[in-house]
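Each chain is listed here by its residues.
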Amino acid sequence: MGLSLWYLVQPQPLLVQGEADATRIDIAARVEGRIGQRPVSRGDNVTAGQLLVSIDNPELRMKLNEAEAARLVAIADLTRIEVGTRAEVIAERKAAVAAGEASLTLAQETYDRTVQLTKSETASLQRLDEATASLDVAKRSLEQARLASDEAVAGYTAEERGVAKAAVGKAEAAIVTLKAQVAELTVSAPVAAQVYQVAAEPGEYVSPGIPLLSLVDLGDVWLRFDLREDLLKGLKVGDRFSARIPALGDMPIEVEVRTIATRGEYAGWRATRATGDFDLRTFEVRAYPVKKVDALRPGMSAYVDWRPR
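Residues numbered from 1 in each chain as written. Predicted model: local features only at pLDDT ≥ 70, side-chain atom pairs only at ≥ 80, totals over all residues. Heavy atoms only, no water.

> I would appreciate a short explanation of the pairing of strand E6 (residues 193-198) in the present structure.
As a general feature of sheets, a regular strand has side chains that alternate between the two faces. As judged from the two bridges shared by strand E3 (residues 45-46) and E6, these two strands associate in the antiparallel manner. When the sheet's bridge partners are listed, Asn45 is paired in E6 with Gln194. Judged from the four bridges that link them, E6 and strand E8 (residues 211-228) form a sheet pairing that is antiparallel. Among the inter-strand pairings, Val198 is bridged to a residue of E8, identified as Leu213. (Pairing = 2+ DSSP bridges. Helix = DSSP H or I, 4+ residues; strand = E, 2+ residues; numbered from the N terminus.)

> How should helix H2 (residues 58-83) be read in this particular structure?
Residues three or four positions apart in an α-helix share a direction because the helix packs 3.6 residues into each turn. Over its 26 residues, H2 extends 38 Å from the first C-alpha to the last, a length consistent with the 38 Å expected when each residue adds 1.5 Å. Among the residues of H2, Leu60, Leu64, Ala67, Ala74, Leu78 and Ile81 are the ones counted as buried. The secondary structure elements touched by the buried residues of H2 are helix H5 (158-183). (Expected span 1.5 Å × (residues − 1). Buried < 20%, exposed > 50% of the residue type's maximum accessible area, 1.4 Å probe, protein only. Contact = heavy atoms within 4.5 Å.)

> Is there a simple way to think about the pattern of salt bridges in this case?
Pairs may arise between side chains of opposite charge once their charged atoms sit close together. Applying the stated rule across the entire model yields 14 salt bridges. As a salt-bridge pair, Arg224 and Glu19 come within 3.5 Å of each other at their nearest N and O atoms. Separated by 205 residues along the polypeptide, Arg224 in strand E8 and Glu19 in strand E1 (residues 14-28) bring together distant segments of the chain. Here Glu19 falls in the partly exposed class, since its relative accessible area comes to 33%. Asp26 is the partner of Arg24 in a salt bridge, and the nearest nitrogen-oxygen pair spans 3.2 Å. Put simply, Glu19, Asp21 and Arg224 are held in one network by salt bridges that share partners. (Salt bridge = Lys/Arg side-chain N within 4 Å of Asp/Glu carboxyl O.)

> In this structure, what is going on with the nonpolar core? I would like to understand it.
Where a protein is soluble and globular, its nonpolar side chains tend to be buried together. In this structure, Leu52, Val53, Leu212, Leu213 and Leu215 are the most contacted members of the largest nonpolar core, which totals 25 residues. Taken together, the elements giving at least two residues each to this core come down to strand E4 (51-56), H2, H5, E6 and E8. Discounting chain neighbours no more than four positions away, the residues touching Val53 are Ile35, Gln37, Arg38, Leu185, Thr186, Val187, Leu212 and Leu213. Formed by 24 residues, the second largest nonpolar core is a distinct cluster that contains Val221, Leu232, Phe241 and Leu296. (Core = buried A, V, L, I, M, F, W, Y, C linked by side-chain atoms within 4.5 Å.)

> Would you mind showing me how to read H5 here?
Compared with an ideal rise of 1.5 Å per residue, which puts 26 residues at 38 Å, H5 spans 37 Å between its outermost C-alpha atoms and is within 8% of the ideal. By the burial criterion, the buried members of H5 are Ala164, Val168, Ala171, Ile175, Leu178 and Val182. Looking at the buried positions of H5, the neighbouring elements they touch are H2 and strand E5 (186-188).

> Please clarify how the pairing of strand E9 (residues 240-245) should be interpreted in this entry.
Of the two faces of E9, the one holding Phe241, Ala243 and Ile245 is buried and the one holding Arg240, Ser242 and Arg244 is not buried anywhere. Bridge analysis of E9 against strand E10 (residues 251-262) gives six bridges, and the strand direction is antiparallel. Across the sheet, the residue bridging to Arg240 is Glu256, located in E10. A loop of five residues connects E9 with E10, the two strands running antiparallel in sequence, and Gly249 in this loop sits at a positive phi of about 75°.

> I'm lost on the packing of aromatic side chains in this one. Help?
Aromatic ring pairs: the centre-centre distance and the angle between the two ring planes describe each pair. Considering all chains together, one arrives at three aromatic pairs under this definition. Each ring, one from Trp222 and one from Tyr288, has its centre 5.6 Å from the other, and the planes form 40°; the classification is tilted. A residue pair is termed long-range when its members are at least 10 positions apart, and Trp222 in strand E8 and Tyr288 in strand E12 (residues 280-289) qualify at 66 residues. Residue class for Trp222 comes out buried when judged on its relative accessible area of 5%. Residue class for Tyr288 comes out buried when judged on its relative accessible area of 13%. Between the aromatic rings of Phe241 and Trp306, the centroid separation amounts to 5.5 Å while the plane-to-plane angle is 80°, which identifies the pairing as edge-to-face. Residue Phe241 is located in strand E9, and its partner Trp306 is located in strand E13 (residues 301-306); the two are separated by 65 residues in the primary sequence. Trp306 gets classed as buried once you look at its relative accessible area, which sits at 5%. (Phe/Tyr/Trp six-rings, centres within 6.5 Å; stacked < 30°, edge-to-face > 60°.)

> Looking at this model, I keep getting lost on the sheet that holds E4. Mind explaining?
By definition, the strands of a sheet pair up through backbone hydrogen bonds, in either a parallel or an antiparallel sense. Taken in spatial order, the four strands of this open sheet run E5-E4-E2-E7, and their pairing is antiparallel. Both outer strands of the open sheet, E5 and strand E7 (205-206), are each paired with one neighbouring strand and no more. Where strand E2 (residues 33-37) lies against E4, three bridges are found, and the strand directions are antiparallel. For Ile35, the partnering residue across the bridge sits in E4 and is Ile55.

Here it is, written out as structure tokens:
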């Protein structure tokens, strides 16, 4: 009888249900386009770097081709500026200077003769004005020819070279940006995982940010239990306990507590005024298997005979 009474006063274990969970990776599109290929299906195991989805966007590829052509034009223009003025152009400008000098000599001689004839009243003042204007035009033409010749000999300025180099840099930056966008047309698995959900089918048009599929990392599976705070007494990170998995024939597995975190305000037990009790918050407990269980999958139920500590 004493043994029975002792047993009755002992705290009875509480059956706590949890669920297996794993790291989930949501894969979304970063560029717009139409789904071309999707060689994986739900439940498939994929390796890191394996193709998941390919997106078709011919307009984006054409923009890349245009950017590469623009870079070639910018490079050619920079080369032209760095080489300087062509020898033929310099020779042409020097010939223009020689022609201007000859024109100036002729205009000067004509002006001198006209001045003498005007003094002897053989030529009119109108003819002298015309000779004066012709001489002035010849001087200005020669000056312009010499400036053009000096410019050709000196070549392009440092500022012009800077502008040409900047144009090349701008074209190359545009290519880098477009290549990065084109690379996003091929979506690969970031880690080895399993396809959990598929949200896009071949032929569908997707926009940036639209989910394509979800992966679960089966190498990072844990058990999640939601416990009232009054059941957490004495529980701390690093504690170990045994859990049973019905899907695996009630196989017991040893797990270790790694996380104890409070849930949202909505997750709590609300007391009533009549009971004189108080509200209790709910905490999420994550326990990881001490030894890897290959057959453990997200969504499987887990049970623990929880005894107050």
